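Given next are the chains, with one letter for each unit.
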Amino acid sequence: MTAGIRDLQPARLEQALFARNLTKGQLASLVGVSASTVTKWCKGDQSPEAETFKRLASVLNLHPEWLTRPILKSITSPLYRKNSAALKAGLAKLRARTEWGQEVAVLLSEHVDYPELNLPERSFTEPEQIRKSDIEAAAEECRELWQLGRAPIQDLMLAAEGAGIIVFREETDVAVVEGLSSWSAELEGRPLIHLAADKANGFRSRFDLAHEIGHLILHKRMEQKPEDKVRYKIMERQAHQFAGALLLPAQTFAGDVRIPINLDNLLILKQRWGVSVGAMLMRLHVLGLLDDDEKLALFKRRSARWGVKAEPGDDGWAPEKPRLLKRTVDLLVREGILPLDRVSPFLGFAANDVVQLCGLDHTYFSSPAQVVELATLRTSRTAPSAAVESIASVRVAEILAFKQGRRG
């Protein structure tokens, strides 16, 4: 390696390129060096001079010191919620952003404890082992573990975070990928979910979250084989069925449905259950309340009346937002453990990245932080169940107690 900033970590630079969706050639042009020079940096064959290193960090909008830190262990190969035309570059960007989220969670865990992981355990190693009854049972067990009963879930995000899942939700500019899930060895095997917020549809976002939870439970022990399209479609279908079963438990949901089934009645149930009409039609088909012809006829009627991309009342359920990392930052800032102007340098990312990954208000670092007492935070919709409410107040406040002996 030639002389220069010898502490530059090539793996960090590669990760930053993916997260910023930049090619080596684009980075080279922005920094003012040749593409071959950037390639040598990424391979560890050459180091940038001091001034070039500063320019590099500035272009990537990262704290220079971050580029010199040893990189964390990679997350597992993500299971992702996507449209069929997903781009390789888009997936690489979301994986890198999820790894950045992992790093934020790891650094904050130096000062706080996260909720204990509380997910159903399954040992399936191939999707063909999973029957429909297994999926229904897993969703029912998940509700039982989270003490959600069989009523509509008022805030699935709150329940997921209370069960120890770290969730990030941000605008990604990768429209073809709606979310992904993975596991973090750095967080002692804790699961991570990254959701795209680009479409700002609360019903869709809830279903995406439930879908990723399904992947975490059903497919945890399965080897990823992205080249096997048939296998992938089976796993996607299974995660879809899990999401439907989690959000729309068979007995109580079926009891709410009027016969004969029509779109107008389902629109009313949409606001009660927080699930789109399209997803309800699929669930009713799984439950045997619609046969193939009836399902097809209702989907055709739905498309003719509303189109395929939107439904009436889509703005009636605000997207659920992650709170755990936001509350962690709020707590550390309020208690003076991590002064506001040190949050970004401590994490190594630009303030805008911290805002997005932690779900902070966009003015968080440009105006005095509006810190809200954890015990007063509640969902803005109808009163949640006692179990969910306890996660919002008592449990989170206890879980975010400071670790004795950790550095401040």
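These notes cover the structure that comes with them. Treat the numbers as computed from the prediction; the structure is a model and nothing was measured.

### Some words on the packing of helix H2 (residues 24-31) against helix H3 (residues 35-43)
Between H2 and H3, whose axes approach to 8 Å, the crossing angle comes to 110°. In terms of axis orientation, H2 runs roughly perpendicular to H3. In terms of crossing hand, the pair formed by H2 and H3 is right-handed. Contacts from Lys24, Gly25, Leu27, Ala28 and Val31 in H2 reach Ala35, Val38, Thr39, Trp41 and Cys42 in H3. Its residues assigned to classes, the contact of H2 with H3 shows seven nonpolar, two polar and one charged.

### Looking at unusual backbone geometry
Trans is the common state for peptide bonds, and a negative phi is the common state for residues other than glycine. In this model, Ile259 is joined to Pro260 through a cis peptide bond whose omega is 0°. With respect to the helices and strands, Pro260 occurs in the loop between helix H10 (250-256) and helix H11 (263-273). Here Asn61, not a glycine, exhibits a phi torsion of approximately 55°, which is positive. Along the chain, Asn61 turns up in the loop between helix H4 (50-60) and strand E1 (79-82).

### Digging into empty space enclosed by the protein
Taken as a whole and judged by the stated rule, the model has four cavities of 30 Å³ or more. Roughly 100 Å³ of volume is contained in the largest cavity. What lines the largest cavity is a set of 13 residues, and nearest its centre among them are Glu178, Ala196, Asp198, Lys199 and Asp208. The dominant element in the lining of the largest cavity, judged by the number of residues it contributes, is helix H8 (residues 202-218), at three residues. Of the residues that constitute the lining of the largest cavity, the class distribution is five nonpolar, two polar and six charged. Counted as a void, the second largest cavity has a volume near 60 Å³.

### As for the packing of H11 against helix H13 (residues 292-306)
The interhelical angle for the contact between H11 and H13, taken along N-to-C directions, is 80°, at an axis separation of 11 Å. By the criterion of interaxial angle, the relationship of H11 to H13 is roughly perpendicular. Taken together, the residues of H13 that come into contact with H11 (itself represented by Leu263, Asp264 and Leu267) are Leu298, Arg301, Arg302, Arg305 and Trp306. Here the residues of the contact of H11 with H13 sort into four nonpolar, no polar and four charged.

### Details of helix H16 (residues 351-358)
Among the residues of H16, those classed as buried are Asp353, Val354, Val355, Leu357 and Cys358. Against the buried residues of H16 lie helix H5 (88-108), strand E2 (166-170), helix H14 (324-334) and helix H15 (340-347). Phi for Gly359, located one or two positions after H16, is positive at around 70°.

### Comments concerning the pattern of salt bridges
By the definition in use, this model includes 26 salt bridges. Two residues, Lys220 and Glu121, come together in a salt bridge whose shortest N-O distance is 3.8 Å. Linking Lys220 in the loop between H8 and helix H9 (229-247) with Glu121 in the loop between H5 and helix H6 (132-145), this pair joins segments that are 99 residues apart in sequence. Exposure remark for Lys220: the relative accessible area of 32% places this residue in the partly exposed category. Arg221 is paired through a salt bridge with Glu121; the nearest N and O atoms lie 3.1 Å apart. Of the two residues, Arg221 is situated in the loop between H8 and H9 and Glu121 in the loop between H5 and H6; the sequence distance between them amounts to 100 residues. A residue is classified by how much of its surface remains accessible, and Arg221, at 45% relative accessible area, is partly exposed. Among the residues examined, Glu121 registers a relative accessible area of 48% and is labelled partly exposed. Linked through salt bridges whose partners overlap, the residues forming this network are Arg12, Glu65, Arg69 and Glu103.

### So, the pairing of strand E4 (residues 190-196)
Among the seven residues of E4, seven are classified as buried, and the element is accordingly described as predominantly covered. Side chains Arg190, Leu192, His194 and Ala196 of E4 all project onto a buried face; the interleaved residues Pro191, Ile193 and Leu195 project onto the opposite face, where all are buried too. Counted along the chain from strand E3 (residues 177-184) to the antiparallel partner E4, the turn is five residues long, and its residue Glu188 has a positive phi close to 60°.

Conventions and cut-offs
Residues numbered from 1 in each chain as written. Predicted model: local features only at pLDDT ≥ 70, side-chain atom pairs only at ≥ 80, totals over all residues. Heavy atoms only, no water. Axes fitted to C-alpha atoms, helices over the stretch in contact; angles between N-to-C directions. Helix = DSSP H or I, 4+ residues; strand = E, 2+ residues; numbered from the N terminus. Parallel < 35°, antiparallel > 145°, perpendicular 65-115°, else oblique. Left-handed = near helix turned anticlockwise from the far one by under 90°. Contact = heavy atoms within 4.5 Å. Nonpolar A, V, L, I, M, F, W, Y, C, P; charged D, E, K, R; others polar. 1 Å grid on protein atoms, 1.4 Å probe; cavity = no way out; pocket = protein on both sides within 12 Å on 5 of 7 lines; lining within 4 Å. Points joined across faces, edges and corners; volume = space filled by probe spheres on them. Buried < 20%, exposed > 50% of the residue type's maximum accessible area, 1.4 Å probe, protein only. Salt bridge = Lys/Arg side-chain N within 4 Å of Asp/Glu carboxyl O. Pairing = 2+ DSSP bridges.

In short, the description is geometric, and any link to function would need to be established separately.
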